[in-house]
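So you can see what is in the structure, the chains are spelled out below.
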Amino acid sequence: MKNLMEKTNVDISAPIKIGTLTCRNRAFLAPMSGISDVPFRKLAWKFGAGLVFSEMVASEALVSGQAEMEMKALGGGLPIHAVQIAGRQAKWMALAGKISEDNGADLIDINMGCPARRVTNGLSGSALMRDPDYAMRLIEAVIGAVKIPVTLKMRLGWDDQTINAPQLAMRAQSAGIAMVSVHARTRCQFYKGSADWDAVRAVRSTTNLPLVINGDIIDHQTAGEALERSGADAVMIGRASYGAPWLAGALANQSPSAKGNSSLAPESVGSIILEHFEEVLLHYGSQIGIRQFRKHLSWYIDRLSADNRYSPLRISMLTSSDPNHIRKLINQLFCQSIETVAA
Ligand SMILES: Cc1cc2nc3c(=O)[nH]c(=O)nc-3n(C[C@H](O)[C@H](O)[C@H](O)COP(=O)(O)O)c2cc1C
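Residues numbered from 1 in each chain as written. Predicted model: local features only at pLDDT ≥ 70, side-chain atom pairs only at ≥ 80, totals over all residues.

A separate point is the environment of Ala96. Mapped onto the fold, Ala96 is located in helix H4 (residues 90-102). For Ala96, the contacting residues outside a window of four places in its chain are Val57, Ser59, Leu62, Val63, Ile85 and Gly87. (Helix = DSSP H or I, 4+ residues; strand = E, 2+ residues; numbered from the N terminus. Contact = placed C-beta atoms within 7 Å.)

Structure representation (C-alpha cells):
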C-alpha cells in the first residue's frame with residue numbers, strides 16, 4: 001500500500017503500548033466536551049480509531065453523583081474505555097479516578113489543557129500548568145488511587161513566556177504517568193494561530209513516554225508532518241472529526257477517505273448518520289437526543305455539500321423534533337444519489 005504519510009517514520013497503523021494497555025493503532029479521537037460522547041466514540045472506534053477519549057468529566061460532580069457527569073463517564077461497551085477527568089482538588093480527582101476504574105475504565109486521562117475561563121478560573125484545566133507543584137499533587141493523587149494507566153493531556157504552557165510542557169512531562173513521567181498528549185498551543189492562544197508542532201520536540205527530549213501530538217491535524221499530510229516535526233508517536237484528532245467520525249480510523253488505516261472532506265459514497269454516509277442518530281436517541285432519549293444531534297447533522301450536511309445546495313431540507317431537518325421525520329430526511333438527503341436529491 002502507498003504510504004500516505006511519507007514524511008514520518010512512525011507507522012501510524014502499528015499498535016502502541018500505554019502502560020499495561022495496548023492500543024491497536026496510533027490515531028486517537030480527542031476528548032471533546034459536547035462531541036466525544038458514547039455514540040460518537042462508538043462510531044469513531046468502529047471506523048478504526050486506536051483510542052477514543054470521553055468528554056471531560058468534572059471530578060467533584062462525578063463524585064457527588066451528578067447524572068450528567070455519570071453519563072459522560074460511561075464506557076458504552078467499548079473495548080478500551082478511557083475517561084478524562086478534570087478538577088482542582090487532589091481528593092476529588094483521586095476519587096473520580098477510582099470511581100471510573102470501579103465502573104470499568106481502562107485508562108484515566110487528566111485534563112490539563114482546557115482553556116475555558118469557567119474551567120481555568122476554577123484553577124483546573126490548563127490553569128494547572130501555572131502551578132506545576134500543585135499540578136503534580138493532583139497527578140500523584142490520581143496515580144495513587146488507581147491501578148489502570150493514567151495519562152496526561154496538556155498544552156505547551158500558559159503563554160509564550162511560560163512554556164513548561166517539557167518540564168511537566170518529565171515530572172509526570174517520574175510520577176508514573178503512562179502517556180502525554182500535547183495540544184501544540186499555549187492556553188493564551190486558545191484556538192488562535194496555528195499549532196506549533198515543532199515546539200513539542202522539546203517534550204520529546206525530556207521524556208521517553210508515548211507522546212501524542214494534537215492540534216490542527218486534519219488529514220494524512222498534516223498527520224505525517226505533525227509526527228515528523230514533533231517526534232511524537234501518535235496523533236490525536238479533534239475538530240477535523242466533526243461530521244467525520246471515521247477520520248481517525250481512516251488515518252490509521254491509510255484510507256483515502258481521510259482527505260478531510262468526505263470521499264465516502266453518500267450512501268455510506270447516510271447509513272453512518274442513521275446509525276449515529278439511533279445511538280444518540282438510545283443514549284439520551286429522543287428530546288435531548290434530537291437537540292444533541294443537530295450540530296452533528298449540520299456538520300454532516302456541510303461536509304457533503306459545502307455549497308448548501310440542500311438548504312430547504314437542511315432547515316427542516318435541523319428544526320424538526322420528530323425522530324421519524326428526521327430519519328426520513330436523512331434518508332432523502334444522504335441515502336439517495338446526489339443527483340436524485342438535487343433534481
Ligand atoms: C468543542 C471542543 C470541546 C473540547 N473539549 C475538550 C475536553 O473535554 N477535554 C480536553 O482535554 N480537550 C478538549 N478540547 C480540546 C481538544 O481535545 C483538542 O485538544 C483541540 O481541539 C485541538 O485539536 P484539533 O485541532 O484536532 O481540534 C475540546 C475542543 C473542542 C473544539
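For the rest of this paragraph, the subject is the site of the ligand. In the vicinity of the ligand, 22 residues are found, and the nearest of them are Ala30, Met56, His183, Gly238 and Arg239. Grouping the constituent residues of the shell around the ligand by class yields nine nonpolar, nine polar and four charged. (Near = placed C-beta within 6 Å. Nonpolar A, V, L, I, M, F, W, Y, C, P; charged D, E, K, R; others polar.)

Here we come to the nonpolar core. Among the nonpolar cores identified, the biggest contains 114 residues, and Phe28, Ala49 and Val235 are the most heavily contacted of them. Two domains each donate at least three residues to this core, and these are domain 1 (16-258) and domain 2 (266-342). Residues within four places of Phe28 in sequence aside, it is in contact with Ala49, Gly50, Leu51, Val212, Ala234, Val235, Met236 and Ala248. (Core = buried A, V, L, I, M, F, W, Y, C linked by C-beta atoms within 7 Å. Buried ≥ 20, exposed ≤ 12 C-beta atoms within 10 Å, placed from the backbone. Domains from an automatic or database assignment.)

This brings us to unusual backbone geometry. Residues other than glycine seldom take positive phi values, yet Phe190 does so here, at roughly 50°. Mapping Phe190 onto the fold places it in the loop between strand S8 (179-183) and helix H8 (201-206). Even without being a glycine, Asp216 presents a positive backbone phi close to 65°. Mapped onto the fold, Asp216 is located in the loop between strand S9 (211-214) and helix H9 (220-230). Given 21 C-beta atoms within 10 Å, Asp216 falls into the buried group.

This paragraph deals with the packing of H4 against helix H6 (residues 132-145). In the contact formed by H4 and H6, the axes pass within 8 Å of each other and the chain directions differ by 30°. Judged on the interaxial angle alone, H6 and H4 are roughly parallel. Where H4 crosses over H6, the two elements pack in a sense that is right-handed. Every residue of H6 that contacts H4 at Ala90, Met93, Ala94, Gly97 and Lys98 is listed here: Arg137, Leu138, Ala141, Val142, Gly144 and Ala145. Of the residues assigned to the contact of H4 with H6, the class counts are seven nonpolar, two polar and two charged. (Axes fitted to C-alpha atoms, helices over the stretch in contact; angles between N-to-C directions. Parallel < 35°, antiparallel > 145°, perpendicular 65-115°, else oblique. Left-handed = near helix turned anticlockwise from the far one by under 90°.)

Time to look at the environment of Pro245. Along the chain, Pro245 falls in the loop between strand S10 (234-237) and helix H10 (247-252). Pro245 sits in the buried class, given 29 other C-beta atoms within 10 Å. Taking C-alpha positions, Pro245 is 31 Å from Ala94, a pair spaced 151 residues apart along the chain.

Glancing now at the domain arrangement of the protein. The assigned domain composition of the protein is domain 1 (16-258) and domain 2 (266-342). Look at where the C-alpha atoms of domain 1 and domain 2 centre, and you get two points 29 Å apart. Residue-level contacts link nine residues of domain 1 with eleven residues of domain 2. Of the residues belonging to the side of domain 1 that touches domain 2, the class tally is six nonpolar, one polar and two charged.

The next point concerns the pairing of S10. On S10, burial covers both faces: Ala234 and Met236 on one face and Val235 and Ile237 on the other are all buried. Once the chain exits S9 it traverses H9 before rejoining the sheet at S10, and the crossover so formed is right-handed. (Right-handed = clockwise from strand over helix to strand, strands pointing away.)

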